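Residue-level structure breakdown
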Amino acid sequence: MSEGWAQFYNGLLDQGKIPYRDFYFHLPPLNLLNDYIIWKLSFGYFIIYRMWRLAERILIVEIMYYLLIKKVKPSIAFVGCFMGAVFGSATVFDLGGDYNQLQQLLIALIAYTLIKYIENIKIPKKKYGWCIATGIIGGLMFLTKQPLVLASLVCFGIMMVFLWILKIDKNIFRTIFFVVLGASIPLCIAGAYLINNNAIHDFIYQVFQDTGSKGSLYEIVFGRILTTIKNNIFGILSLIFCILSYYMYINQNQIRKNYAFMFGILGGIFGSYYIWNTGDVAKRVILFFLLMTLLVSFLTLNNRYKKIAFPLVICVEFICLIINPKHLAQTIYLDTALFREVPELLTLIFIFFIIWILYDIITKRIKNENYDTHGIIIAFSGLASGYATIMSNGEVGVVPSCGFILFPAFTYLIFKNKTIQNNKYFVLSFNGILVTFFGICLSQKLVSPYSWWGDPIPSYWEKTETVNIKALKGFKFSPLEKKKYEDLNRVIGENTDKGSVIWGFPHTKVFNIFQENYNMNGFVPVEFYDVCADDFAIEEAKLLAKNKPDIVIWQDMPGALEAHEEIYRGGNPLGQRELQKWFSSVKEKDYKLIGQVDNVFVYKLKDGQPITETFIERKSAENITSNYVDPTPEVVDDIELEGLGTIKDPYLISSIEDLEYFRDSVNSGTSFNGQFLKQTANIDLSEINNWDPIESVKYFV
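Numbers given for residues are sequential positions, taken from 1 along each chain in its written order. Two thresholds apply to this predicted model, a pLDDT of at least 70 for residue-level local features and 80 or more for giving and counting side-chain atom pairs, whereas whole-chain, interface and lining totals are computed over all residues. Side-chain numbers here rest on the full set of heavy atoms in the structure, without hydrogens or water.

Looking now at the nonpolar core. Residues belong to one nonpolar core when they are buried, are Ala, Val, Leu, Ile, Met, Phe, Trp, Tyr or Cys, and are joined through side-chain atoms within 4.5 Å. The buried label applies to any residue whose accessible area, calculated with a 1.4 Å probe on protein chains only, is under 20% of its type's maximum; exposed applies above 50%, and partly exposed to all values in between. Residues Phe87, Met159 and Phe353 are the most contacted members of the largest nonpolar core, which totals 85 residues. When neighbours within four sequence positions are excluded, Met159 is seen to be in contact with Leu114, Ile376, Ile377 and Phe380. Of all hydrophobic cores here, the second largest spans 73 residues; its members include Phe511, Tyr518, Cys532 and Ala560. Whether two residues are in contact is decided by their heavy atoms: any pair within 4.5 Å suffices.

See the structure below:
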């Protein structure tokens, strides 16, 4: 249901509308151009669109593989790049590709051009040619996504300063000139288009000045990365000792190898505390696998145990799996703690790059050794990849889409030393961990590959149906999805004409694509909570109040709005509350429900035209989020429940006594408006006779 944003923008462009001037767009224009070309080459079929995006992923993998095989065995490079693609796809909002994927492609390309620049540093003609190419990609980054250009400027800027200080490039200012020259090419083309169409001011304001949809500028650039580091302090200590252990081990001195063992143990202790301290059973499962891997690595240091180390650890793991296979299997499925470890693993790898860069620069300087400029470029590329996603991520840590760059770069830094590459036990342990994570990620794709806000896709085994909609040819759907797309699309088609306005909230545009309808009564095509700034959402509510849409498609997603308010506004109301308030005020008076399947509700404007067809799957279904509730929490005194009633610290209902207390409080008139509650245990009411229900619960999430 969240598909179709890009295609809707394409429809507006086909009508001759200019982005920023004629409609709101929160990203720079390269995304529009990229999606426009790909959709045109897809001929209106989403399956072909996905294939183009898959080709884009393959290109990223190919580039990273090329960079890795310069110093890493092809087999290891393949595993690193393959798992990078697996990790990059391990999200609950993976649609086969979007602007997050495009930014990973650009980072891979700039890593490639920078390495070519270093390889040709003594051949001025080739060197400056690659500088221009680097600048062109940098300009495309500027035109792709705001966090991408900020992260790249910070990371690659620091890298260039480093190369200048070390006098690796003695003509650094001439190099910068050619980079800027290259960047000016795409920037001048885009600037000329925007200036010629009187959209340059709107572009600057919507994309760079009005950053409210993601929070304050300080929070975007500094706040989230500082919080990420703070929340992973024990993981950082573990990484430091593991890196020290690694470098001690690859040194041929036996005394230093003994220190490697000591530092490895310290890294294991801090890592164990970091994982165990969460109190999460699934993380303890991961801890078990990591400790087994650590054990096999250090047993191989001792000649006495070298031959039996790996078989011994495999046997221990196998026995543990036999003892309790059911519980372990349950932890693998979607949205359980094991799957949530993927971004945490990638976040630690991101932090690893920071530590590795500092350690490598300092130690090489002290020992007066040559720097591995190839490794430095790859490390800074991984850093830029993760930093860009941290800036735009509502939660603390990286987004898995950076795995395309992050994990291959990590593989390179670990295995660039031939001592490690030739240690088959280390390689086997590394592969063993990846097999575990591959199983976790694969299970997510089979059980529910996409479960973004209010839009969970059924499992692979439930998809048995096809739909009679051109854009969806080639896909399989569950019976419920078939109703959602086919029946609702038919109802919308029967009750509209070419001049009708179909408005979806908070993000539903896919029915516009099915109907080839791109009419708008407002200025904002997609009003979702973290892509539309408050001032534009408020203004949009005013425009819709003056000129009501003919069809409203409302996707009911309880908790989504409040969660975004907590993440991006510190608990303060979003501008989208005004859109909710507007529709809540006109829903009963001016609109008639004509379609409903699951959490999707379709309303027709009461304009005197007859309703020709309806499809209501469940008459008792209630569209909770279309009912406006004042977001200002009412003061609730003397609540005898654990917690504060906020989204971060909700009131906890942990027993039947807590539930009874909550019921009695509500039924006696206590308002929990704006408060959050969380049930933390299974509560069995079957043994209670004549249970008195809670009288009003429809606004509780």
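What follows concerns the packing of aromatic side chains. Pairing of aromatic side chains here covers Phe, Tyr and the six-membered ring of Trp, requires ring centres within 6.5 Å, and sorts the geometry by plane angle: under 30 degrees stacked, over 60 edge-to-face, intermediate tilted. Overall, the coordinates contain 39 aromatic pairs when judged by the stated rule. Ring centres of Phe583 and Tyr603 lie 5.2 Å apart, and the angle between their planes is 70°; this geometry places the pair in the edge-to-face category. Here Phe583 is found in helix 25 (residues 576-590), whereas its partner Tyr603 is found in strand 4 (residues 600-605), with 20 residues between them in sequence. Since its relative accessible area comes to 0%, Phe583 is described here as buried. Residue class for Tyr603 comes out buried when judged on its relative accessible area of 5%. Here, a charge over a ring is recorded when the distance from Lys NZ or Arg CZ to the ring centre is within 6 Å and its angle to the ring normal is within 35 degrees. The ring of Tyr45 carries Lys470 above its face, with NZ or CZ at 5.3 Å from the centroid. Taking the ring centre of Phe8 as reference, the NZ or CZ of Lys509 above it sits at 4.7 Å. Numbering goes from the N terminus for both helices and strands, where a helix is a DSSP run of H or I of at least four residues and a strand is a run of E of at least two.

Using only the protein atoms, space was sampled on a 1 Å grid; points where a 1.4 Å probe fits but cannot get out form cavities, open sets with protein on both sides within 12 Å along at least five of seven lines form pockets, and lining residues are those with an atom within 4 Å of a point. Grid points are joined across faces, edges and corners, and a volume is the space filled by probe spheres set on the points. Applying the stated criterion across every chain, the model contains four cavities of 30 Å³ or more. Looking at the second largest cavity, its volume works out to about 110 Å³. Together, 13 residues line the second largest cavity, and Arg57, Gly88, Asp94, Asp98 and Ser401 are the ones closest to its centre. Along the lines of polarity and charge, the residues of the lining of the second largest cavity split into three nonpolar, seven polar and three charged. Residues are sorted three ways: Asp, Glu, Lys and Arg are charged, Ala, Val, Leu, Ile, Met, Phe, Trp, Tyr, Cys and Pro are nonpolar, and all the rest, Gly among them, are polar.

Here we take up the pairing of strand 1 (residues 502-505). Burial along strand 1 is two-sided: the residues Ile502 and Gly504 and Trp503 and Phe505 are all buried. When DSSP locates at least two bridges between a pair of strands, those strands are taken to pair. Pairing analysis gives four bridges linking strand 1 to strand 2 (residues 551-555), with the strands arranged parallel. Each bridged residue has a counterpart across the sheet, and for Trp503 the counterpart in strand 2 is Val552.

Quick look at the side chain of Thr175 now. As for its placement among the helices and strands, Thr175 is situated in helix 8 (residues 172-196). Thr175 gets classed as buried once you look at its relative accessible area, which sits at 1%. Beyond its immediate stretch of four places on either side in the chain, Thr175 contacts Tyr117, Lys127, Tyr128, Cys131, Met160 and Asp169.

As for its position among the elements, Ser665 is in helix 26 (residues 656-667). For Ser665 and Ile694, which are 29 residues apart along the polypeptide, the C-alpha to C-alpha distance reads 9.3 Å. Not counting chain neighbours up to four residues away, the residues in contact with Ser665 comprise Thr670 and Phe672.

What follows concerns the layout of surface pockets. Put simply, the second largest pocket is a space of about 1100 Å³. Lining the second largest pocket are 39 residues, and of these Arg50, Pro449, Ile457, Lys463 and Phe475 lie nearest its centre. If you list the elements that add at least two residues to the lining of the second largest pocket, you get helix 3 (46-68), helix 20 (424-447), helix 21 (479-494) and helix 22 (510-515). In terms of residue count, helix 3 provides more of the lining of the second largest pocket than any other element does, eight residues in total. Looking at the lining of the second largest pocket residue by residue, the classes come out as 24 nonpolar, four polar and eleven charged.

Here we come to unusual backbone geometry. Looking along the chain, the bond that leaves Phe505 and enters Pro506 is cis, with omega of 0°. Unusually for a residue other than glycine, Phe43 sits at a positive phi of about 55°. As for its position among the elements, Phe43 is in the loop between helix 2 (30-40) and helix 3. Residues other than glycine seldom take positive phi values, yet Glu516 does so here, at roughly 50°. Topologically, Glu516 is positioned in the loop between helix 22 and helix 23 (534-546).

Okay, the packing of helix 6 (residues 124-142) against helix 8 next. Angles run from 0 to 180 degrees between N-to-C directions of axes, and those axes are lines fitted to C-alpha atoms, restricted for helices to the stretch in contact. For the pair helix 6 and helix 8, interaxial distance at closest approach is 6 Å and the crossing angle is 45°. Viewed along their axes, helix 6 and helix 8 adopt a mutual orientation that is oblique. Judged by the twist between their axes, the crossing of helix 6 over helix 8 is right-handed. Across the interface between the two elements, Lys127, Tyr128, Cys131, Ile132, Gly135, Ile136, Gly139, Leu140 and Phe142 from helix 6 touch Arg174, Thr175, Phe178, Val179, Leu181, Gly182, Ala183, Ile185, Pro186 and Leu187 from helix 8. Here the contact of helix 6 with helix 8 is built from residues that sort into 13 nonpolar, four polar and two charged. Note on angle classes: values under 35 degrees are labelled roughly parallel, values over 145 roughly antiparallel, values of 65 to 115 roughly perpendicular, and the remainder oblique. By the definition used in this description, the sense in which the near helix is turned from the far one sets the handedness, with an anticlockwise turn below a right angle giving left-handed and a clockwise turn giving right-handed.

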